[in-house]
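An overview of the molecular structure
Spelled out, the chains give:
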Amino acid sequence: MNSDDVRRLKDDDKRYVWHPFTQMKDWLDTDPVVVERAEGVELIDIDGNRYLDGVSSLWTNVHGHRVEEIDRAVGEQLGKVAHSTLLGLGSVPSIELARELIALAPASLSKVFYSDSGSTAVEVALKMAFQYWQQSGAPQNKKVRFACVKDAYHGDTIGSVSVGGIDLFHSIYKPLLFETVEIPSPFCYRCPFGLERSACAMECAARAERTIARHADELAAVVMEPLVQGAAGMIVHPEGYLARVAAVCASHDVLLILDEVATGFARTGTMFACEQEGVEPDFIALAKGITGGYLPLAATLASERIYEGFLGTYESFRTFFHGHTYTGNALACAAALGNLEAFRSRDVLDRAAHLAGALAAGLEKLAGHAHVGDVRQKGLMAGVELVGDRTTKERFDLSLRLGHRVILEARARGAILRPLGDVIVFMPPLAMSGDEIARLTEIAAESIDAALESL
Ligand SMILES: *Cc1c(COP(=O)(O)O)cnc(C)c1O
């Protein structure tokens, strides 16, 4: 691309595009990276620079970019039809994908409801759970509330923000949100009970059990991210926590909604995170990795019991009154089928364990750093928390924007990362090689030092 075209694109980006989760005043002062194409696990910008895609294009990418199986599936679907509605009509790829998802998912799940993003997948589960109890008669129609975990993130629509636990969003949007029952975050590095994991009996799980049991009569469901709270800063839950929450839900007839938007599709080492604790939820929300990072698609998987609760004559108004215009889009479903094909042909699940080991080895070198407070990892999801003081775990001043400085340094060294505050996130595509993962962590280590020096 010639330099005039490059200049014009960058200027027009600032003139016309409002970027998500971005302080645009800062953006206007930057020289933006504008992606033009990609090869494998590298993004290439309009200036011709190459970057390792260290966060899988916001946690979506699985097999790298321009994947043969997905390209072919989307191309073939384009030759048939790009979109037809699921409101009153079926479509071939949406049926085939639903069949495959149910075959992969925990045995408790038997129906697939499509939407377009992680937020809507959660929103759908919330509304289904709520309506299910409303249709169950007294006293169960009193089950109208949701319990959720502190610092959880379930998306940006009003319902999914309501069940999220990130204070910043809650303070701004509070008048719009519904109230929830809060469970403390099982965050071992900053334990809300001041305990040490090596010596504790999981007070976090005991507290969750008591809270859920106490509110069971009014709780429609518990909503949580299984094993790892991603956006909270890659908080890895202590082993056994999920199973205990699931057990108390089952014994008190509170539905369990698992948000696997980030953890699904082998991110944590198994196809779905909940498999690791043998948990079979009533709902699972899927998005991010579902199309291998190609197209926006989401799915809410529900159990047969929930589905049956909606059956009745039309006049009984048990219909699930929800659906988005592009629900079950054919191109997106075809991309998801291509993604699952690539999972099989590339033995991704087997590779994932090996790659998690490579990531752990790279991160181990960071663990001793004077300003690394904690290194947290589950499979190919990891976070490195930078702190001002390792003994007190004191955070750096917010205005220093250390995490942001680190990712700018990483960019100059050829890697795209995105921090969560001062937690440096690693979410490499499952297609990265061990060498590429080593390069990514080396770049991060150098970038942390360079950012600290710049303070
Ligand atoms: C990203 C994310 C969401 C929201 O997904 P969108 O597609 O951005 O709406 C929901 N839950 C979790 C756990 C996520 O990581």
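Residues numbered from 1 in each chain as written. Predicted model: local features only at pLDDT ≥ 70, side-chain atom pairs only at ≥ 80, totals over all residues. Heavy atoms only, no water.

Examining the overall build of the protein chain
Along the backbone of the protein chain there are 15 helices and 17 strands. A globule of 455 residues ought to have a C-alpha radius of gyration of about 23 Å, and the protein chain, at 22 Å, matches this closely. Expressed as lengths along the three principal axes of its C-alpha atoms, the size of the protein chain is roughly 65 × 60 × 45 Å. Going through the 455 residues of the protein chain one by one, you find that 52% of them count as buried. Across the protein chain, contacts joining residues at least 24 apart in sequence account for 71% of those joining residues at least 6 apart. Computed over 44 positive and 61 negative side-chain charges, the separation of the two mean positions in the protein chain equals 3 Å. (Helix = DSSP H or I, 4+ residues; strand = E, 2+ residues; numbered from the N terminus. Rg over C-alpha atoms; globule rule 2.2 N^0.38 Å. Buried < 20%, exposed > 50% of the residue type's maximum accessible area, 1.4 Å probe, protein only. Contact = heavy atoms within 4.5 Å. Lys, Arg positive; Asp, Glu negative; His and termini not counted. Charge placed at Lys NZ, Arg CZ, Asp CG, Glu CD.)

Focus: the domain arrangement of the protein chain
Along its sequence, the protein chain is carved into domain 1 (33–63 + 347–453) and domain 2 (70–345). Taken together, the contacts link 32 residues of domain 1 with 31 residues of domain 2. Looking at the side of domain 1 facing domain 2, the largest losses of area belong to Trp 59, Lys 378 and Met 381, adding up to 24% of the total buried there. Across the contact surface, domain 1 and domain 2 share one salt bridge. Ionic pairing is found between Arg 190 and Glu 385, a salt bridge with its closest N-O pair at 2.6 Å. (Domains from an automatic or database assignment. Buried area = accessible area lost by both parts, 1.4 Å probe. Salt bridge = Lys/Arg side-chain N within 4 Å of Asp/Glu carboxyl O.)

So, the nonpolar core
One finds Tyr 241 and Phe 426 to be the most contacted residues of the largest nonpolar core, which totals 91 residues. Shared between two domains, this core takes at least three residues from each, and those domains are domain 1 (33–63 + 347–453) and domain 2 (70–345). (Core = buried A, V, L, I, M, F, W, Y, C linked by side-chain atoms within 4.5 Å.)

Brief notes about the pattern of salt bridges
Throughout the structure, instances matching the rule amount to 26 salt bridges. Its salt-bridge partner being Asp 11, residue Arg 7 comes within 3.6 Å of it at the nearest N-O pair. You can see Arg 7 and its partner Asp 11 sitting in helix H1 (residues 3–16), four residues apart, about one turn around the helix. According to the relative accessible area criterion, Asp 11 is partly exposed, its value standing at 33%. With its nearest N and O atoms 2.9 Å apart, the salt bridge here joins Lys 150 to Asp 167. Here Asp 167 lies in helix H8 (residues 167–173) and Lys 150 lies in the loop between strand E5 (145–149) and helix H7 (158–162), a separation of 17 residues in the sequence.

A word on the packing of helix H14 (residues 402–412) against helix H15 (residues 434–453)
A pair of packed helices is captured by two measures, namely the crossing angle of their axes and the spacing between those axes. Their axes nearest at 8 Å, the elements H14 and H15 cross at an angle of 125°. Between H14 and H15, the interaxial angle falls into the category oblique. When you trace H14 past H15, the crossing you get is right-handed. Judged by residue contacts, Leu 402, Arg 405, Val 406, Glu 409 and Ala 410 of H14 engage Ile 443, Ser 447, Ile 448, Ala 450, Ala 451 and Leu 452 from H15. (Axes fitted to C-alpha atoms, helices over the stretch in contact; angles between N-to-C directions. Parallel < 35°, antiparallel > 145°, perpendicular 65-115°, else oblique. Left-handed = near helix turned anticlockwise from the far one by under 90°.)

A closer look at empty space enclosed by the protein
One pass over the full model with this rule turns up three cavities of 30 Å³ or more. Of the volumes computed, that of the largest cavity is approximately 100 Å³. Lining the largest cavity we find 14 residues, and of these Cys 188, Cys 191, Leu 195, Cys 200 and Cys 204 sit closest to its centre. Among the residues forming the lining of the largest cavity, the class breakdown is eleven nonpolar, no polar and three charged. (1 Å grid on protein atoms, 1.4 Å probe; cavity = no way out; pocket = protein on both sides within 12 Å on 5 of 7 lines; lining within 4 Å. Points joined across faces, edges and corners; volume = space filled by probe spheres on them. Nonpolar A, V, L, I, M, F, W, Y, C, P; charged D, E, K, R; others polar.)

Quick notes on a nonpolar patch on the surface
The grouping of Ile 158, Leu 168, Ile 172, Tyr 173 and Leu 176 at the surface amounts to a nonpolar patch, some 500 Å² of accessible area in total. No other element matches H8, which puts three residues into the nonpolar patch. Residue position: Ile 158 is located in helix H7. (Patch = residues over 30% accessible without salt bridge, like charges linked within 9 Å, V, L, I, M, F, W, Y side chains within 5 Å. Areas by Shrake-Rupley, 256 points an atom, 1.4 Å probe, with all protein chains shown as cover.)

Some remarks on the sheet that holds E5
Spatial strand order, E4-E12-E11-E10-E7-E5-E6: seven strands in an open sheet with mixed pairing. Where the open sheet ends on each side, the last strands, each with one partner, are strand E4 (109–115) and strand E6 (181–183). Geometrically, the sheet is characterised by an average inter-axis angle of 20° between neighbouring strands, direction not taken into account. Judged from the four bridges that link them, strand E7 (residues 219–224) and strand E10 (residues 255–259) form a sheet pairing that is parallel. Bridging from a neighbouring strand, Ala 221 pairs with Leu 255 of E10. Here helix H5 (residues 92–104) sits on the sheet and contacts E4, strand E11 (283–286) and strand E12 (298–303); the angle it forms with E4, its principal contact strand, is near 135°. (Pairing = 2+ DSSP bridges.)

Overview of the site of the ligand
In the vicinity of the ligand, the residues found are Trp 59, Ser 117, Gly 118, Ser 119, Tyr 153, His 154, Gly 155, Glu 225, Asp 259, Val 261, Ala 262 and Lys 288. Contact distances for the ligand include 2.5 Å between an oxygen atom and a side-chain N or O atom of Ser 119. Lys 288 is positioned such that a nitrogen or oxygen atom in its side chain is 2.7 Å from an oxygen atom of the ligand. Expressed as a share of its isolated accessible area of 390 Å², the protein-covered part of the ligand is 83%. The residue makeup of the shell around the ligand, split by class, is four nonpolar, five polar and three charged. (Near = heavy atom within 4 Å. Polar contact = N/O pair within 3.5 Å; in protein donor to acceptor, adjacent residues only side chain to side chain.)

A short note on the sheet that holds strand E17 (residues 423–426)
Strand order in the open sheet formed by four strands is E13-E14-E17-E16, and the pairing between neighbours is antiparallel. In this open sheet, the two strands that pair with only one neighbour each are strand E13 (372–378) and strand E16 (419–420). Against the sheet, helix H13 (residues 348–367) contacts E13, strand E14 (381–386) and E17, and its axis sits at roughly 175° relative to E13.

Details of the packing of aromatic side chains
Under the criterion given, the structure shown has ten aromatic pairs. A ring pair is formed by Phe 113 and Phe 320, whose centres lie 5.2 Å apart and whose planes are at 75°; its orientation type is edge-to-face. Of this pair, Phe 113 sits in strand E4 while Phe 320 is found in the loop between helix H11 (304–308) and helix H12 (330–345), placing the two residues 207 residues apart along the sequence. According to the relative accessible area criterion, Phe 113 is buried, its value standing at 18%. Geometry around Tyr 307 places Lys 111 over its ring, the cationic atom sitting 4.3 Å from the centre. Sitting over the face of the ring of Trp 133, Lys 143 holds its NZ or CZ atom 4.8 Å from the ring centroid. (Phe/Tyr/Trp six-rings, centres within 6.5 Å; stacked < 30°, edge-to-face > 60°. Lys NZ or Arg CZ within 6 Å of the ring centre and 35° of its normal.)

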